[in-house]
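# Coordinate inspection notes
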Amino acid sequence: MSSSEEPTADEAKDLFEKLEQKFPSKTLGAERWYLVAIAALTGGGQPEFAGNLYAYLVERPHYATSEARQALVRRLREALVKSVSIIGVCRPLEAIFNIDAVQKPEDKDYSFSRENWQSGPENHARGVAWLDKIYKHNRTGTINSLAAHKDFAWISANITYGLYLSDRQILDDIDTEMVVLSGIMIQNLKRETGWHLRGTRRVGVSHEDVEVVQQCIEMVAAFARVRLNKIPRVADIEHEV
């Protein structure tokens, strides 16, 4: 198939099978590979395959009950909500529409994770705490770079991290970095990919596992016909961890 042709549902199923086998589930757990898949598919311009991913997952015995399928969709939805902060709203919205279209009525989950969210000092403090955990001493350089661009500094602390990424009601620290790293790397962004390779190491993922996660993202990129030619590898940033 030429690179100009659109990927197919059969190719998507093959991708999911290979990702599930490739992902370091023995160390990171079996409930994270699909976070990489949905974030990278959505960020890579293939949000329509989010429905295929959901359909693939619910065939597993682990999701035999409606309660289990609702828990699954909460995790997928939260991955997409967090993805809004790094890739914009339209592709995640398209992805959730495609998931909703293949859900059974009894599997719909009507919970609302951010119903009581408020801006203000507590939200800012949460955002800064998560920024500090990911960036540590490197955050000073970023702050200095944004000194003449205070809108972006405010967005980073209060919205990207305060509203989206520091909310860990559904996805934990490692889950969140799986989503963020995948959503950024699939955009072929050198600087930010390096930051989140480093951040993924800092939340406790091993050097070896981060390398395998990157290989999984590259598999999604090949499926999505996205070229990744600018991004570093974990070995390139290991000295900064």
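As a starting point, this report considers the structure included with it. Everything numeric here is computed off the predicted structure, so don't read it as measured data.

### Observations regarding helix α7 (residues 121-135)
Taking 1.5 Å of rise per residue, 15 residues should cover 21 Å, and α7 covers 20 Å from first to last C-alpha, within 8% of that figure. Among all positions of α7, only Asn123, Gly127, Val128, Trp130, Leu131, Ile134 and Tyr135 are buried. Projected down its long axis, α7 shows its buried positions confined to an angular sector of 165°, all on one face. Seen from the buried face of α7, the exposed residues on the opposite side, beyond 90 degrees, are Pro121 and Glu122.

### Some remarks on unusual backbone geometry
The phi angle at Asn188 is positive, at roughly 65°, despite the residue not being glycine. Relative to the helices and strands, Asn188 resides in the loop between α10 (173-185) and α11 (190-202). Classification of Asn188 by relative accessible area gives buried; the value is 11%. Although it is not a glycine, Arg225 sits at a positive phi angle of roughly 60°. Within the secondary structure, Arg225 is located in the loop between α12 (207-224) and α13 (234-237). Under the relative-accessibility criterion, Arg225 is labelled partly exposed at 26%.

### Focus on the side chain of Thr200
Mapped onto the elements, Thr200 comes out in helix α11. Side-chain polar atoms of Thr200 contact the backbone oxygen of His196, separated by 2.6 Å. Those residues in contact with Thr200 that lie beyond four places of it in its chain are Glu177, Met178, Leu181, Val205 and Val210.

### Things to note about the packing of helix α3 (residues 33-43) against α12
The geometry of α3 relative to α12 is characterised by a closest axis approach of 9 Å and an angle of 40° between their N-to-C directions. Compared by their axis directions, α3 and α12 come out oblique. Of the two elements, α3 crosses α12, and the hand of that crossing is right-handed. Between α3, through Val36, Ala40 and Leu41, and α12, the contact on the second element is made entirely by Val213, Cys216, Ile217, Val220 and Phe223. Partitioning the contact of α3 with α12 into residue classes produces eight nonpolar, no polar and no charged.

### Looking at the layout of surface pockets
Taken as a whole, the largest pocket holds about 660 Å³ of empty space. In terms of lining, the largest pocket is formed by 26 residues, of which the most central are Tyr135, Thr142, Leu146, Ser156 and Trp195. Looking at the lining of the largest pocket, the elements that each hand over two or more residues are α5 (66-87), α7, α8 (139-145), α9 (150-165), α10 and α11. Top contributing element to the lining of the largest pocket by residue count: α9, with ten residues. For the lining of the largest pocket, the per-class residue count stands at 16 nonpolar, eight polar and two charged.

### As for the environment of Leu72
Inspection of the secondary structure puts Leu72 in helix α5. C-alpha separation for the pair Leu72 and Asp107, spaced 35 residues apart in sequence, amounts to 9.9 Å. Sequence-distant contacts of Leu72, defined by excluding residues within four places in its chain, comprise Tyr34, Tyr54, Leu57, Val58 and Tyr63.

### Some points on the side chain of Asp175
Counting through the fold element by element, Asp175 comes out in helix α10. Side-chain polar atoms of Asp175 contact the side chain of Arg32, separated by 2.7 Å. Excluding its chain neighbours within four sequence positions, the residues that come into contact with Asp175 are Arg32, Leu35, Arg75 and Ile170.

Calculation notes
- Residues numbered from 1 in each chain as written.
- Predicted model: local features only at pLDDT ≥ 70, side-chain atom pairs only at ≥ 80, totals over all residues.
- Heavy atoms only, no water.
- Helix = DSSP H or I, 4+ residues; strand = E, 2+ residues; numbered from the N terminus.
- Expected span 1.5 Å × (residues − 1).
- Buried < 20%, exposed > 50% of the residue type's maximum accessible area, 1.4 Å probe, protein only.
- Arc of directions from axis to C-beta.
- Polar contact = N/O pair within 3.5 Å; in protein donor to acceptor, adjacent residues only side chain to side chain.
- Contact = heavy atoms within 4.5 Å.
- Axes fitted to C-alpha atoms, helices over the stretch in contact; angles between N-to-C directions.
- Parallel < 35°, antiparallel > 145°, perpendicular 65-115°, else oblique.
- Left-handed = near helix turned anticlockwise from the far one by under 90°.
- Nonpolar A, V, L, I, M, F, W, Y, C, P; charged D, E, K, R; others polar.
- 1 Å grid on protein atoms, 1.4 Å probe; cavity = no way out; pocket = protein on both sides within 12 Å on 5 of 7 lines; lining within 4 Å.
- Points joined across faces, edges and corners; volume = space filled by probe spheres on them.

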